[in-house]
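Spelled out, the chains give:
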Amino acid sequence: MDGETLLSVRDLRVYYHLPQGVVKAVDGVSFEVRRGEVLGIAGESGSGKSTLISAIMGLVSPPGRIEGGQIIFEGRDLTKLSPEEYRRIRGKDIAMVFQDPVTYLDPLFTNGFQIAEVYEAHEGVKPKKALDRAVQVLKMVRMADPERRAHSYPHQLSGGMRQRVLISMGIAARPKLLIADEPTSALDVTIQAEIIELLMDLKRDLGMTVLFVSHDLNLLAEITDRIMVMYAGKIVEIGPTREVVNNPQHPYTEALLGSFGFERKKKYPAIKGYPPSLITPPPGCRFHPRCPKAFPECSKREPHLIEIKPGWRAACLLHES
Amino acid sequence: MTLAKYVAKRLLQAIPTLIGVVLFMFILIRMLPGDPARLIAGIEATEEDVERIREILGLNRPLYVQFIDYMKDVFTGDLGTSIRFGTPVIGEIMERLPYTIQLALVSEFLAVILGVPLGIMAALRPYSARGYLATVFALIGSSMPIYWMGLMFIYLFSVRLKWLPSSGADSPSSIILPALTLSLLLMGNLMRITKASFQEVLGENYITTVRAKGLSERIVIYRHALKNASVPIITIMGIQLGTLLGGAILTETVFAWPGLGTLLIDAISYRDYPLIQGIVIVFATMFVLINLIVDVIYAIIDPRVREQLWAAEE
Amino acid sequence: MGGRGVKVSTSGIGDIQAKIREAKRAARRRALYKFRANKGAVAGAFILGFMLVLAVLGPYIAPEDPYAFDLRRKLEPPSWDSPFGRDELGRDILSRIIVGARYSIGIALASVFLGSVVGVFLGLVSGYYGRVVDSIIQRITDVLLAFPIIILSIALIAVMGVGVTNLVLAIGISTIPVYIRLVRGLTLQAKSREFVIAARAMGKSGFYIMRKHILPHVLPTVIVQSSYYLGFTILIASGLGFLGLGVKPPTPEWGAMLGSGRTYLFSYPHVVTFPGIFILLTALAFNLVGDGLRDALDPRAGAYRR
Ligand SMILES: Nc1ncnc2c1ncn2[C@@H]1O[C@H](COP(=O)(O)OP(=O)(O)O)[C@@H](O)[C@H]1O
Ligand code: SF4
Ligand SMILES: [Mg+2]
């Protein structure tokens, strides 16, 4: 079964319509996720990672809109589903672990109740009746004293524990695809390692496919099978992790790798300059104002994803000449 | 358990405020220019009458003795004797109080069952006509002289259409117009706050989580959003209590509703100071107590508030 | 800064001061721009301007003497001669409304002015000095806040008696505690900010710091609160007038006109219709302007109503 395509995104465009203009947050993105793999999505903040994910989850809401493209999951185009059909997939077949454990939990409901709501959504049982199942899931995420934690409220837990609660909600229905959007970037370094190890163990034990989003390419290098790098709403490089990391084919990937490495904890902009406006992106290659290897043509012609080797592509004019 | 302790503590805290209220009214009444006994008795009264009143009110003793006595009396439920009726003030108040409470409750109920759903509707479609409706309604509601609106209602529903009685409390339908008038005063702001807090809550990340779990919009809105938005909604209800009680006085007068408000206005025109004093104290006590109830409701809804309160108690 | 800044030239300081002035001017321009962009606020300002003209020029523009009665023409419905009709004593209602503007609006303005000046002062003192002063002021505030605002005003009027001055005093006093609470909170906030700490370290007096540093910090909120209170006190003042607890007859205050006209509602509704419309419009205008001011000056400040 491994290796077959689970999810295929084709020419997806997601725009936010703001008074100042149209933010082209995801602008013609195509890729595939294979059953059983861990695919990493990298890119600075603002490159459109979260928007891409919310499109896959069917959670794009105004001012955002899916302008075009297809999201094919197990042969069905999700963009064509009715809200009710999408609802039945969400949280069951495709589930999500969010970034910030503080704001993604409802402060007024107990942790157990919020986990048990997954069973309400997909099996129609009342959350109060499914609390013991929530406790079981908390055990799976190695929560200490799960019974008590199920009955306590989010604010009574530490950040790491809250992240475990969020993960519990993600895996409660044994999803086929688990999407983790920067699940550790709000946590301490030591807890980060624990959470990542937990996620990888769960992936193995439950046989999930994982989409792991992070701005930290070096972290992705350690845990993913393949890596996809996004810049300003587009894919700039995608390929097997080892190859991409050891021999990056796009100057942006290279810069991202350099910018973390040993200096991971420093907070200054990793790459000189800032990501461009997505309302009026730079002409030609969107990276050219910041690219150390830029040449005159870069501001005139837009690069396309060129195959470097089978399964490894990069969008840089250096490969097109 | 702890909730009971908290309520008890809040009640204890309210006591100094209530003593302050009584003291304030006590001083205020003594500040009347001239001899209060003469004032109360009226210009035509004989010297004996004035002396008798002085005796009744205990005005010939030192001030602090008068206050301590009055305080004792108030806390045993004795608010003095009405000059106009010659009966205990507390009796007069007890006769009218149920009408005011009834009017206030029915109005608040109407305002909530109309205002909250309309506010939610407006929040779900903020840029539609009904989205603006909440804003416009709130604005007009908080600018409306409600006694005038009451008069207009009387003209429309009683004089022209002859559907409803214009005054008194003789038939069950008598409460409809006053309650409607008073509720419109509250409804606008309730709608506006419901809309605003719903919009804010619907943008929160935890709402995205609920959707991501695959729960229906019905549960997103009526379980998670409503519970979170109810905190500001209850706050505004608490803040509006003063408007509610003050508005009740005006509404009662317009519709000759036999509550505490009309009694107060009568008492003022008869210079029945013990009665005035008693009614104002009762209004303030109600206000303090209902505010206390609002605080307790917070503690019930929000576990974070609850814990803070319990912690502060240690 | 101190050690190395010895050689800062005076022109440098002048530059900085000019920059600060420029920044303040820019902030004012931004606020004005935001206010102007708010259609409701502009409409409110127009209505208000119109009402103020009535208030100032009232007796000069009123078509008739608002006090001259003519019992033969009592309760005449609206006509070309008297567009709003005539009241129970045959007086021209339009003229009474025009002249009444100065009472209805004047009472609201004066009482909010009184309440805000006293309340801001006590709030500053309470927040800045803390300790015993604070405790005493706060206990009194607690007590005053235990009364709904209308009831407190009624109680004060009951004792002081009716009349314009007493009305202003009663309503003004009733608004004081909310100002105290608001300003005290903001003062406590400001007290922990660098500019206040620096001024104290420089040995500036308490009153100087309050006036120069804390007052500007609390002013936007006070302005917003006051504009709401203006809308609210117009309603309270006319409400008291309606109850017969406002101005003395025959003063043409709008609420009092409603109160004395209500007996004729059944057959002559025009007597109460028009004064009510003016009360509504004025309160509406104050509230619209208040909303505009809040958005322009202090988006986070919620108005506090009782
Ligand atoms: N709800 C939204 N409304 C308007 N713009 C948005 C919204 N969410 C994201 N954006 C914009 O879309 C772009 C991509 O953001 P996002 O998808 O969050 O990127 P990432 O997850 O990589 O940081 C950014 O320019 C951001 O400002
Ligand atoms: S196309 Fe040019 S600007 Fe873009 S990444 Fe390649 S070299 Fe740099
Ligand atoms: Mg993101």
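Residues numbered from 1 in each chain as written. Chains lettered and ligands numbered in written order. Predicted model: local features only at pLDDT ≥ 70, side-chain atom pairs only at ≥ 80, totals over all residues. Heavy atoms only, no water.

### What to know about the pairing of strand β2 (residues 21-34) of chain A
All names here are of chain A. Alignment of strand β1 (residues 5-18) against β2, held across 11 bridges, turns out to be antiparallel. If you follow Leu7 over to β2, its bridge partner there is Val33. Here β1 hands over to β2 after 2 residues, the two strands then running antiparallel side by side. (Pairing = 2+ DSSP bridges. Helix = DSSP H or I, 4+ residues; strand = E, 2+ residues; numbered from the N terminus.)

### Looking at the packing of aromatic side chains
Applying the stated criterion to the full structure yields 20 aromatic pairs over all chains. With a centroid separation of 5.3 Å and 25° between ring planes, the pair formed by Phe109 of chain A and Phe113 of chain A is classed as stacked. Comparing Phe109 of chain A with Phe113 of chain A, the two get one shared label, buried. Through a chain of ring-to-ring contacts, three or more aromatic side chains come together here, namely Phe84, Trp254, Phe274 and Phe278 of chain C. A cation over a ring is seen here: Arg84 of chain B above Tyr270 of chain B, with NZ or CZ 3.9 Å from the ring centre. Residue placement shows Lys227 of chain B over the ring face of Phe109 of chain A; its charged tip is 4.8 Å from the ring centre. (Phe/Tyr/Trp six-rings, centres within 6.5 Å; stacked < 30°, edge-to-face > 60°. Buried < 20%, exposed > 50% of the residue type's maximum accessible area, 1.4 Å probe, protein only. Lys NZ or Arg CZ within 6 Å of the ring centre and 35° of its normal.)

### Let's talk about the sheet that holds β1 of chain A
The 4 strands lie next to each other as β2-β1-β4-β5 (chain A), forming an open sheet whose pairing is antiparallel. Taken across any chain shown, the strands that pair with only one partner, and hence form the sheet edges, are β2 and β5 (76-77) of chain A.

### A word on the interface of chain C and chain B
Every contact between the two is made by 40 residues of chain C and, on the other side, 45 residues of chain B. Taking both sides of the interface into account, the surface hidden between chain C and chain B amounts to around 3,800 Å²; carbon and sulfur atoms contribute 80%. At the junction of chain C with chain B, the criterion picks out 0 salt bridges. At the boundary of chain C and chain B, one finds 9 residue pairs in polar contact (both at pLDDT 80 or more). Taken together, the elements giving at least two residues each to the side of chain C that touches chain B come down to α4 (131-145), α5 (149-160), α8 (206-242) and α10 (270-297) of chain C. (Contact = heavy atoms within 4.5 Å. Buried area = accessible area lost by both parts, 1.4 Å probe. Salt bridge = Lys/Arg side-chain N within 4 Å of Asp/Glu carboxyl O. Polar contact = N/O pair within 3.5 Å; in protein donor to acceptor, adjacent residues only side chain to side chain.)

### A closer look at the site of ligand 1
Residue and element names in this part refer to chain A. In the vicinity of ligand 1 lie 14 residues, with Gly46, Gly48, Lys49, Ser50 and Thr51 positioned nearest. Take Gly48: an N or O atom from its main chain is 3.1 Å from an oxygen atom of ligand 1. One nitrogen or oxygen atom from the side chain of Lys49 is found 2.9 Å from an oxygen atom belonging to ligand 1. (Near = heavy atom within 4 Å.)

### Here's the deal with the arrangement of the chains
Where 2 pairs of chains are in contact, the pair with the most contacts is made of chains B and C. Between chain A and chain C there is no contact, and the shortest C-alpha to C-alpha distance separating them is 15 Å.

### Digging into the environment of Val38 of chain A
Residues and elements named next belong to chain A. As for its placement among the helices and strands, Val38 is situated in strand β3 (residues 38-42). With a relative accessible area of 3%, Val38 lands in the buried category. Sequence separation between Val38 and Thr209 is 171 residues, and the spatial gap between their C-alpha atoms is 6.1 Å. In this structure, Val38 is in contact with Met200, Lys203, Val210, Phe212, Ile223, Thr224, Asp225 and Arg226, ignoring residues within four places of it in sequence.

### Details of the site of ligand 2
Close to ligand 2 lie His250, Pro251, Cys285, Phe287, His288, Cys291, Lys293, Ala294, Cys298, Cys316 and Leu317 of chain A, which account for all nearby residues. Residue composition of the shell around ligand 2, by class: 8 nonpolar, 2 polar and 1 charged. (Nonpolar A, V, L, I, M, F, W, Y, C, P; charged D, E, K, R; others polar.)

### Here's the deal with the interface of chain A and chain B
Often the size quoted for an interface is simply the accessible area lost on bringing the parts together. Contact residues are listed per partner, giving 26 residues for chain A and 21 residues for chain B. Across the chain A/chain B interface, buried area totals approximately 2,200 Å², and carbon plus sulfur atoms make up 60% of it. At the boundary of chain A with chain B, the tally comes to 3 salt bridges. Taking the shortest distance from any N to any O, the salt bridge between Glu120 of chain A and Arg223 of chain B comes out at 2.7 Å.

### Here's the deal with the sheet that holds strand β10 (residues 234-240) of chain A
All names here are of chain A. A sheet is described by the order of its strands in space; here 8 strands give the open sequence β6-β7-β8-β3-β9-β10-β12-β11, paired in mixed fashion. One side of each edge strand has no neighbouring strand; the edge strands of this open sheet are β6 (94-97) and β11 (306-309). Ignoring strand direction, the axes of neighbouring strands in this sheet form an average angle of 25°. In this structure, β11 lies alongside strand β12 (residues 312-314), joined through 3 bridges in antiparallel fashion. Paired with Ile306 across the bridge in β12 is Ala314. Together, β6 and β7 (177-181) form the strand contacts of helix α6 (residues 159-171), whose direction differs from that of β6 by roughly 175°. Lying on the sheet, helix α7 (residues 189-206) is in contact with β3, β7 and β8 (209-213); it crosses β8 at an angle near 155°. (Axes fitted to C-alpha atoms, helices over the stretch in contact; angles between N-to-C directions.)

### Considerations on the environment of Arg149 of chain A
Residue and element names in this part refer to chain A. Secondary-structure assignment places Arg149 in helix α5 (residues 146-151). Take Arg149: its relative accessible area is 15%, and that puts it in the buried class. Placed 13 residues apart in sequence, Arg149 and Arg162 show a C-alpha to C-alpha distance of 9.8 Å. Apart from the residues lying within four places of it in its own chain, the contact partners of Arg149 are Asn111, Leu138, Met143, Ala144, Leu157 and Met161. In this structure the side chain of Arg149 is engaged in a polar contact, spanning 2.7 Å, whose partner is the backbone oxygen of Ala144.

### With respect to the domain arrangement of chain B
Residue and element names in this part refer to chain B. Each domain of chain B was delimited in the assignment, giving domain 1 (3-75) and domain 2 (96-313). A straight line from the C-alpha centre of domain 1 to that of domain 2 covers 33 Å. Of the residues lining the interface, 20 residues belong to domain 1; the matching set on domain 2 comes to 17 residues. Taken over both partners, the interface formed by domain 1 and domain 2 buries close to 1,900 Å², and the fraction arising from carbon and sulfur atoms is 77%. Together, Leu3, Tyr6 and Met25 form the three largest contributors to the area buried by domain 1 at its contact with domain 2, with a combined 29%. On the surface where domain 1 and domain 2 come into contact, there are 1 salt bridge. (Domains from an automatic or database assignment.)

### Topic: α10 of chain C
Compared with the 40 Å implied by 1.5 Å per residue over 28 residues, the 40 Å span of α10 of chain C between its first and last C-alpha is a close match. The buried fraction of α10 of chain C amounts to 22 of the 28 residues, a majority that puts the element mostly inside the structure. (Expected span 1.5 Å × (residues − 1).)

### Considering the pairing of β8 of chain A
Residue and element names in this part refer to chain A. The buried fraction of β8 amounts to 5 of the 5 residues, a majority that puts the element mostly inside the structure. A two-sided burial pattern is seen for β8, the buried positions comprising Thr209, Leu211 and Val213 on one face and Val210 and Phe212 on the other. In terms of strand pairing, β3 meets β8 through 4 bridges, oriented parallel. Its bridge partner being in β8, Gly40 is matched across the sheet by Phe212.

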